[in-house]
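# Remarks on the overall topology
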Amino acid sequence: MDVIIKDDYQAMGVYAAKCLAEVIKRKPNAVLGLATGTTPLATYNELIRMHREEGLDFSSVTTFNLDEYLGIGKNMDKSYLQDQSYARFMYESLFKHVNIDLNRTHVPDGLSQDPSAFCEEYEAKIKAAGGIDIQLLGIGGDGHWAFNEPGTSLSSRTHVEVLTQQTLDDNYELFYRKAGFSRDQMPHFALTMGVGTILDARALLMMASGSKKASVVAKAIEGPVTSQITSTAIQLYKGRAIVVLDEAAASELKNKEHYLHVEKVKSQFV
Ligand code: GLP
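Figured I'd write up the structure that's included with this text. (Residues numbered from 1 in each chain as written. Predicted model: local features only at pLDDT ≥ 70, side-chain atom pairs only at ≥ 80, totals over all residues. Heavy atoms only, no water.)

## Comments concerning the site of the ligand
- By nearness alone, 14 residues border the ligand, and T38, T39, D67, H144 and K213 come closest of all.
- T39 has a polar side-chain atom sitting 2.4 Å from an oxygen atom of the ligand.
- The separation between an oxygen atom of the ligand and a polar main-chain atom of I139 is 3.3 Å.
- Notes on the ligand: free accessible area 390 Å², of which the protein chains cover 96%. (Near = heavy atom within 4 Å. Polar contact = N/O pair within 3.5 Å; in protein donor to acceptor, adjacent residues only side chain to side chain. Areas by Shrake-Rupley, 256 points an atom, 1.4 Å probe, with all protein chains shown as cover.)

If you want it as C-alpha cells, here you go:
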C-alpha cells in the first residue's frame, strides 16, 4: 500500500485525478469505479479541468459507481427528479461536464423493483465490461467502504445494506438537510458493491480528508483487519493500493514519518 500525504484537500484531489487520468491515457476504454461524497469532488473538478484544457477524453470510458440509496435515483438525464440520489450527484458533479457516453455510466438502480436480482446483474455487468481497472474510494465515518456497514463480510458481493445510525446522521448533515429534506425522508437502505467486489478491482485509490476522518483512517490502514471497519480490507488487497490523504486526515497515523520517507525515496528512484 502506498500512503501519500498531501498538504490539503485540493492537492489530494489533484493527485487522485492524475492517477485516474493516467489510467485513461494508458487505456482509453478504461473501466473506472467511482465514488460519491464530498471527498472526491476536488478530483472530479480536476478531471473536468483536464478534459476542458488538456483534452482528457472520456468518450470510451466506462464507469461503475459504488452505491446508491434504495428508493431514489435511476435516470441521470434530464428526466430525473430533484432527489439526493448518487445518480444525480454523479451527473451534476462529473458526467454532464465531460464527453462521457451516459450509456457507459452505471450507478446502482435505487428504483429497481427487484433489488436482489439487480445486484446480481450489476456484478455480471462489471464482469462483462472486463472488470474495474481502478476503483476510487472514500471512507465513511464508521470506516465503511461504499455502504458496507460494520459486520459486512469482507468477501461480500453487491447487495442491499441497512444503513447505520451514524451513516444516516453523517449523510443527513452533508446532503439532505441542505436540500431541505426532513430526517424521515432519508432512505434507510442502500445498494452497494460488496467488499469482495471492490477487492476485485485491478487498482484501488482511497482518499480521505479532514481531521474528522483521522481516527478512522488510522484504524483502516494500521489497525487490525475487521469486518467492523470494512475499509480495513485494504490491508488484504493483492494489487496496487494508493491511499491519498491530506495532512489533517493523516494526523493520527502511527507510521506517518515512514510513509513520508517512502514517498520521498520512491520519487527519487522510481
Ligand atoms: C457515503 C458513501 C461512501 C463515502 C462516504 C464518505 O457513505 N456511501 O462511499 O465514502 O459517504 O463521504 P464523504 O466523502 O462526504 O466524507
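## Section: the sheet that holds strand β10 (residues 240-246)
- Spatially, the seven strands line up as an open sheet ordered β1-β10-β9-β6-β2-β3-β5, and their pairing is parallel. Unpaired on one side and paired on the other, β1 (2-6) and β5 (105-106) mark the two borders of the sheet.
- In the sheet, strand β2 (residues 31-34) pairs with strand β3 (residues 62-65) via four bridges, with the strands oriented parallel. Paired with L34 across the two strands is N65, which belongs to β3.
- Against the sheet, helix α7 (residues 214-222) engages β1, β9 (203-208) and β10, with an angle of about 155° to β9. (Pairing = 2+ DSSP bridges. Helix = DSSP H or I, 4+ residues; strand = E, 2+ residues; numbered from the N terminus. Contact = heavy atoms within 4.5 Å. Axes fitted to C-alpha atoms, helices over the stretch in contact; angles between N-to-C directions.)

## Some remarks on the packing of helix α2 (residues 41-54) against helix α3 (residues 86-93)
- Their axes nearest at 10 Å, the elements α2 and α3 cross at an angle of 40°. One element, α2, and the other, α3, form an angle in the oblique class. For the pair formed by α2 and α3, the contact residues are L41, Y44 and I48 on the first element and F89, M90 and S93 on the second.
- Within the contact of α2 with α3, the residues separate by chemical class into five nonpolar, one polar and no charged. (Parallel < 35°, antiparallel > 145°, perpendicular 65-115°, else oblique. Nonpolar A, V, L, I, M, F, W, Y, C, P; charged D, E, K, R; others polar.)

## Observations regarding the pattern of salt bridges
- Under the defined criterion, the tally for this structure stands at eleven salt bridges.
- Residues K266 and D2 are paired through a salt bridge, measuring 2.7 Å at the closest nitrogen-oxygen approach. Highlighted residues: K266 in helix α8 (residues 256-269) and D2 in strand β1, separated in sequence by 264 residues.
- According to the relative accessible area criterion, D2 is buried, its value standing at 15%.
- We note a salt bridge from R157 to E123, for which the minimum N-O separation is 2.9 Å. Residue R157 is located in the loop between β6 (134-137) and β7 (159-162), and its partner E123 is located in helix α4 (residues 115-128); the two are separated by 34 residues in the primary sequence. (Salt bridge = Lys/Arg side-chain N within 4 Å of Asp/Glu carboxyl O. Buried < 20%, exposed > 50% of the residue type's maximum accessible area, 1.4 Å probe, protein only.)

## Points about the packing of aromatic side chains
- For the structure on display, the rule yields five aromatic pairs.
- Aromatic side chains Y69 and F147 sit 5.4 Å apart centroid to centroid with 50° between the ring planes, which places their arrangement in the tilted category. On the criterion of sequence distance, the pair formed by Y69 in strand β4 (residues 67-69) and F147 in the loop between β6 and β7 is long-range, its members being 78 residues apart.
- Within the aromatic cluster, the residues linked to one another by ring pairs are F64, F118 and Y122. (Phe/Tyr/Trp six-rings, centres within 6.5 Å; stacked < 30°, edge-to-face > 60°.)

## Describing the environment of L136
- Topologically, L136 is positioned in strand β6.
- Using a relative accessible area of 0% as the deciding quantity, one classes L136 as buried.
- As for L136 and Y86, which are separated by 50 residues in sequence, their C-alpha atoms are 15 Å apart.
- Discounting residues that sit within four places of it in the chain, L136 has contacts with L20, G33, L34, A35, P40, Y44, L66, L205 and M207.

## Considerations on the sheet that holds β4
- The antiparallel open sheet is built from three strands, whose spatial order is β4-β8-β7. Both edges of this open sheet fall to β4 and β7, since each of them pairs with a single strand only. The sheet shows a mean angle of 25° between the axes of neighbouring strands, direction not considered.
- Where β4 lies against strand β8 (residues 189-192), three bridges are found, and the strand directions are antiparallel. Note on β8: the bridge partner recorded for Y69 is A190.

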